[in-house]
Structures are given as structure tokens and as C-alpha cells.
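As a plain string of letters, each chain reads:
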Amino acid sequence: MKFGVLVNEGPFTHQCSDSAYQFTKAALEKGHEIFRVFFYYDGVNNANKLAEPPSDDRNLTANWSALAEEHGVDLVVCVAAALRRGLNDDILAPGFRISGLGQLIEAGIQADRLVTFGD
Amino acid sequence: MKFGVLVNEGPFTHQCSDSAYQFTKAALEKGHEIFRVFFYYDGVNNANKLAEPPSDDRNLTANWSALAEEHGVDLVVCVAAALRRGLNDDILAPGFRISGLGQLIEAGIQADRLVTFGD
Amino acid sequence: MSDLPPIPPDDEDEFGVVKKFCYVNRKAPYGTVYALESLEMVLIAAAFDQDVSVVFMDDGVYQIKSEQAPEAAGMKNFSKTYRALEGYDVEKLYVSKESMEERGLTTDDFLVDVEVLDHAALSALMAEQEVVITS
Amino acid sequence: MSDLPPIPPDDEDEFGVVKKFCYVNRKAPYGTVYALESLEMVLIAAAFDQDVSVVFMDDGVYQIKSEQAPEAAGMKNFSKTYRALEGYDVEKLYVSKESMEERGLTTDDFLVDVEVLDHAALSALMAEQEVVITS
Amino acid sequence: MSKLHTVNKSPFDKNSFDSCLTLAEDGSAVLLIEDGVYAAVAGGDVAARIADASSRLKVYVLGPDLAARGMAEDRIADGVSVVDYGGFVDLAEAHDAVHSWL
Amino acid sequence: MSKLHTVNKSPFDKNSFDSCLTLAEDGSAVLLIEDGVYAAVAGGDVAARIADASSRLKVYVLGPDLAARGMAEDRIADGVSVVDYGGFVDLAEAHDAVHSWL
């Protein structure tokens, strides 16, 4: 089955990013396809490569990048939400790309299920 | 009277940053001193100079920088909260400085009132 | 909104599929950004010619209160964008009767025409939706 | 916490002023980051030799639930830091009786020793505080 | 010690308003800001709780935040006074400390 | 159309749990995640609401989120089943759409 995932909050602030990551990983482990993970609202902060979490804590940005690298998961950051929040290509972590909201609607149309994580 | 201000949330996401800014401006207009504005939690995102809000919307980062420029307001971003969230000196807006949590405690001690804005 | 997407021509059907998209708004405007950015999502879905419904319930009913004037609080007034929805063929706007009444509001308080549904009707409406987007 | 601040020597009094600092915790841990980062603020205030009280009320009482094990959800377990508070001379930990009971908890559920106060006593305690920090 | 308490959440959405009214000590002030202003115009149970509290607390609402949300001042519950940002500063000055119920 | 509803807020803090139980259509499933898991171990009124709902809805709780918060499974209300992240995926697959009550 094809899943789309929408992430509405930044890492460190809400568990939503963790939940979305754990769900995505579990879906891949079960052999499902992840059509796309879309980052909106403060969710765009998941893609900030400058984030340096404490060494004994998880690094969600790195975890997302690894999913893109290992499983080819399409990680899309909303351009309008990112501009407002000061996230641009210069500080974008590997595996993420910046694009329009249409990519979310496409995920809603093409994926069998769209699962939203937020505050 | 000396006021300290604590800002816990980022601009765009919560009105808290607007409220803190409006309070600070009103206090200055009444002739009070702002001992310090301290940015913690997602509040550190107020200091991101890459933020480009839509042209018809307010730019809180620029507004804070202007307060520092015009009134010498001390704008301090918590280093630990900033590191986690990917804010560093390279993308720090004018008038802000990055320092430790001790600066907040000092504000609590030295200011006559500490006013918190958050979610 | 500063940049409204282009109003789609009638024959647009980019993906060849029309799904029932339902946006459920349960948060008040201005205190948080969700109302504003959710509205941007609604406009885009309409531009892709999907079958869009928008539900206002709980504190979300405050989003369409008339006479919003956030300028004195230093914020942008985006409420007129709700009036623009009709131009994008987003005409299915629903309000929870119980949420509206609990807050002392009537349909006269709203800046757009809405259909008021009680819990049972709203539950039935939402049960039909294929993609539910909340914020 | 990864980097606990140094435990202050007994004679530290950096600003020559001791104020009553009260941290009021009303949010559950893990769902949001407030519990963790608030705890970092408490430790720093103690390092500055202030008179620190910490109040747990509403969902904040869940912050000191024993046996937290967030590893399976991919998160860091910071609950042991509450146990370290005593080493920083932060010994005034208060729990709202009504909040605790409403959630079906007892003092046996907590990982630190606390004083349980009813609304009237908690209100009186908070009324004495000179700096109240909430999150 | 007399305090200024601020509440920034809708009384329908979160328990901040109730917790504040329950814990605020006699003689203190409560200022409703941001989404907290809905308490001032909610009517019903919420207005009754404000009326109950007003014998021992003074309740204020931030005018610009009410206007932002399209709420006319004639909807405001009895016993609630309107202030602007300058009035917020004055209230913070007039009390010994500020407690924000986030 | 059968739905999976998720609730990620404490029933003591926000109205998401109540709104979800009120609006979820008969035959759908409710999964408690993040701070929503407190509903599964709350007892009292909350447990009674779950019991009421369980004749027409199936209620699940995410085990890793319960464990994170130090809640043993023997505290879970009757009629609530525990799943892990894989079970969350299975529930999303088994229903026609997912509605997250944020």
C-alpha cells in the first residue's frame, strides 16, 4: 500500500516528528511504499541541517536523511512555509527538497492513505 | 521600572512573539527600561535572519532588530535551545546575541518584573 | 494571503482523479498560525480541482467570525480570503451547530455563507471523506 | 540532560540577591519539549543560588511519573534528572493534590519526594513567589 | 505580594483559564490576552465563572486582541475591563509579579 | 468508508479526545498516541466515556507511548487494546482513511 505522511511540527518541540518518523519506518519495514513525506507549518524545521541536538539525544533530521538515502523516500518541504521560517536551500539537509503545496495535494490524491502528524 | 521579557515560541506559529514585541514597545514608549528580552524554546526562531515573511505581513525578526538598534534593547538567544534548533551565529539577525541560560536568571534577578510569553 | 493561486479553469483535472478532501479546522485564528496556513492548503487543493469540503468546529468556528481587525495587534488580516473561496469553487463550508451555539455565535456572526450541521450530520459528512487534513 | 551545570559551591551568591523563583509545570512530558527544557532552566537557577520552588500541576504531574521508558518511542529518557535536583539544593517540589487525584495518581507513582498541596495551600505558596516562570 | 495573571488560551480549548481562576490569590488581577480573550465574550458558564471570581479578582481583557478576533466590546461580560498594550504594561507595573498561565 | 481516528492530546488538557469520540462514526477505530495515551489510563470519567464508546468504536493505544510515560499496561481501561508502530500501520491500512484529531 502507498502511504503519504504530513508533518506539521518541528523536532524538539513536539513528539509529532518522532511519531511520523516511527510510523514511516514501520511502514517501510512492513514492505509498504512511502509515496512522500510532506513538511508543513513548523514541520519544515525538520529539514534544517544546522540543528545540533545533544549527543545523547536522537537527531531527527539525520534520521529523515537516512530514510531518503536508504529507501529513496521523497522528503518535500513546503516552500511558502519554509520561506517564512527562514529555511532555504543553503541550510537544507541531504535528502530533502523544497517545493510547492501542490506536492501535498498530489500525495493526498496518489497515496492510498494520507496520515497527518501535528500538534 | 525595569522589565525582563521571556519569549518561548517562534514567530508565525504563535502570537506570543507578537504579544512580547507589542508589550516591549509599549513599555519603552512609557519610559520604562527593558533589561533584556530572552528567547528560549522555539522562541530562538525569532532571531533567524533568513526568514522572509510575505511582503504584506509583519516581519518580527526585523522589528526586534529595530528595537535593539533604536533603543539598545538586549536581545539574548539561549545557546542550548538554539543549537538544537539549528540557529547559529551565521544566520543570526542583527541586534541579537547568543548566550547561556544564566542570562535569563540574571534578568529574573535584576529586573523588577519578568513577563513570560508562550504557548 | 499575499499570493493567491490562480483560479483554475473549469476543465483542469491534473491527475485525472477527484478525491473528497476534507479540511477540519478546530483552532482559533491569530493565537496560532494554523488557520492562516490551513487556508493556503485549501486554496491549493481547489486549484487541483479536487472535491473540497471545509469544516469549522470547536474553536475553529472563530476563524470565520466577521469584523476581524488584527492590525492593532500588529498582525495581518487574512479573513477576507475566506470570502475568496467561492471564486475557487470551494463552496462546501460546514459549521458545527453545537460548537457555534456553545460559543454564543449565530450564522449572522460569520463572514461567509455556511451550512450548519449538528453532530450527527457532521459525523455522517466526515465519514464520507477520502482525505482528511487537520491542523 | 547531556550537560548538567556544575553543582554550585555553598558560598556562591553571584548577584548578591536571592529571589524566590517558582517554576510552574502544567504540561505532560514527551508530547512536547517543555518539560525537558524547563528542567534545564531549573538547574541553572539553582546554580545561581536562588530560592527555587518547582510546582507540578495539571498534566505537569505526569512529568515525575516513575518508570518512564521513552526509548522504544525513539526519545531520550530525561526523567532521572528530576532525581538530580536534590544535588543542586532544589528540594522544594510541590504537587497539586487535586491534579494528582484527578489523574488517579498517588505519591507512590512519583520518582522524587514531593510535598502534596491542595488548591488553597498551593495558591498561598505561589502568592509569595517573586519570579514565576511557566512554559 | 499581589500578582498579575495572564491567560492566553481559549476557555473552550484548554484548562488554563480554569486553573488560573482556581489558583489566583484574592486581590490579584487576571488579564485575558491572545486566544484567552474569548473568555471575556463567551457568555454561559464561562461568564458565570468570571462573575463568581470578580468578588475577589479584577478581570481585564486586551482590546487589540478582542478586535483582532472580530469581537465587539458590547459582547464583553460584566465586570471585565478593557486595556490596551500600555494598560498591560501598567498592570504589570502595579502588581508585584506576573504569572503567565501558558 | 471506515476510518482510523488518532488522538494525540491528554483528555485533561484539550478537548480533542471528547470531540473525536463525539464525531467518530460507528464502526470506526480510535488510536490514542503521544499525550493521548493518558486517556487509556485515566480512570474515572474518561474511562467511563471509553466504556460508553466501546459498543460502537474500537479503541487502541500505542504501547511505546504508554511506556515512555511510565504507564504500566495493567492500568489500561477495559476495552482498550495495545498496538506498536507496526500495529499503527496495520490499522491505517485496514481502514479507508485516517483522521488525526490534532
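Residues numbered from 1 in each chain as written. Chains lettered and ligands numbered in written order. Predicted model: local features only at pLDDT ≥ 70, side-chain atom pairs only at ≥ 80, totals over all residues. Heavy atoms only, no water.

Undergrad: Can you tell me about the overall build of chain C, naming the residues and giving the values?
TA: For chain C, the helix and strand inventory stands at 4 helices and 5 strands. For chain C, the N- to C-terminal ordering of α and β elements is β-α-β-α-β-α-β-α-β. Scored against the burial criterion, the 135 residues of chain C give a buried share of 63%. Pairs at least 24 apart in sequence give 78% of the contacts found in chain C among residues at least 6 apart. Carbon and sulfur atoms form 47% of the exposed surface of chain C, whose accessible area is close to 4,900 Å². (Helix = DSSP H or I, 4+ residues; strand = E, 2+ residues; numbered from the N terminus. Buried < 20%, exposed > 50% of the residue type's maximum accessible area, 1.4 Å probe, protein only. Contact = heavy atoms within 4.5 Å. Areas by Shrake-Rupley, 256 points an atom, 1.4 Å probe, with all protein chains shown as cover.)

Undergrad: Could you give an account of helix 4 (residues 102–110) of chain B, with specific residues and numbers?
TA: Of all the 9 residues making up helix 4 of chain B, 8 are buried; the element is thus mostly covered by neighbouring parts of the structure. Turning to helix 4 of chain B, its buried residues are G102, Q103, L104, I105, E106, A107, G108 and I109 of chain B.

Undergrad: Got a sec to walk through the packing of helix 1 (residues 16–29) of chain B against helix 4 (residues 85–94) of chain E? Specific residues and values, please.
TA: Running from N to C, helix 1 of chain B and helix 4 of chain E cross one another at 75°; their axes reach a closest spacing of 8 Å. Judged by the angle between their axes, helix 1 of chain B and helix 4 of chain E are roughly perpendicular. On the side of helix 1 of chain B, the interface is formed by Q22, F23, A26 and A27 of chain B, while helix 4 of chain E contributes Y85, G86, F88, V89 and A92 of chain E. (Axes fitted to C-alpha atoms, helices over the stretch in contact; angles between N-to-C directions. Parallel < 35°, antiparallel > 145°, perpendicular 65-115°, else oblique.)

Undergrad: Please set out unusual backbone geometry residue by residue, giving values where relevant.
TA: All names here are of chain C. Non-glycine residue E67 carries a positive phi angle of around 65°. Positionally, E67 belongs in the loop between strand 2 (51–56) and helix 2 (80–84). The residue D89 is not glycine, and still its phi comes out positive at about 65°. Here D89 lies in the loop between helix 2 and strand 3 (92–96).

Undergrad: Give a description of the arrangement of the chains that names residues and reports values.
TA: Separating chain A from chain E is a minimum C-alpha gap of 13 Å, and the two share no contact. The closest approach of any C-alpha atom in chain B to one in chain F is 13 Å; the two make no contact.

Undergrad: Summarise the sheet that holds strand 5 (residues 113–117) of chain A; cite the residues concerned and give the values.
TA: Backbone-to-backbone hydrogen bonds pair the strands of a sheet. The strands run either parallel or antiparallel. What the 5 strands build is an open sheet, ordered 4-3-2-1-5 (chain A); its pairing is parallel. The open sheet has two edge strands, strand 4 (96–99) and strand 5 of chain A, and neither has a second partner. Sheet twist, expressed as the mean angle between neighbouring strand axes with direction ignored, is 25°. In this structure, strand 1 (residues 2–7) of chain A lies alongside strand 2 (residues 33–39) of chain A, joined through 6 bridges in parallel fashion. Bridge pairing links G4 of chain A to R36 of chain A in strand 2 of chain A. Helix 4 (residues 102–110) of chain A rests against strand 1, strand 2, strand 3 (75–78), strand 4 and strand 5 of chain A of the sheet, and its axis sits at about 150° to strand 2 of chain A. The strands touched by helix 4 (residues 85–94) of chain F are strand 1 and strand 5 of chain A; relative to strand 5 of chain A, the strand with the most contacts, the crossing angle is about 135°. (Pairing = 2+ DSSP bridges.)

Undergrad: Quick one: what's the story with the confidence of the model for chain C, residue by residue and with numbers?
TA: Within chain C, residue pLDDT values average 91, and 89% of them lie at 70 or more. The complex model carries a pTM of 0.96, and its ipTM stands at 0.96. (pLDDT = per-residue confidence, 0-100.)

Undergrad: I'd like a description of the interface of chain A and chain C, backed by residues and values.
TA: The interface is formed by 21 residues belonging to chain A together with 22 residues belonging to chain C. Buried area between chain A and chain C, both sides added, is near 1,800 Å², and the carbon and sulfur share of it is 59%. Applying the counting criterion to the chain A and chain C interface returns 3 salt bridges. Counting every contact that joins chain A to chain C gives 10 residue pairs in polar contact (both at pLDDT 80 or more). Elements that contribute at least two residues to the side of chain A that touches chain C include exactly helix 3 (79–85), helix 4 and strand 5 of chain A. Broken down by element, the residue count for the side of chain A that touches chain C peaks at 7 residues, all from helix 4 of chain A. A breakdown of the residues in the side of chain A that touches chain C according to their chemical character gives 11 nonpolar, 5 polar and 5 charged. (Buried area = accessible area lost by both parts, 1.4 Å probe. Salt bridge = Lys/Arg side-chain N within 4 Å of Asp/Glu carboxyl O. Polar contact = N/O pair within 3.5 Å; in protein donor to acceptor, adjacent residues only side chain to side chain. Nonpolar A, V, L, I, M, F, W, Y, C, P; charged D, E, K, R; others polar.)

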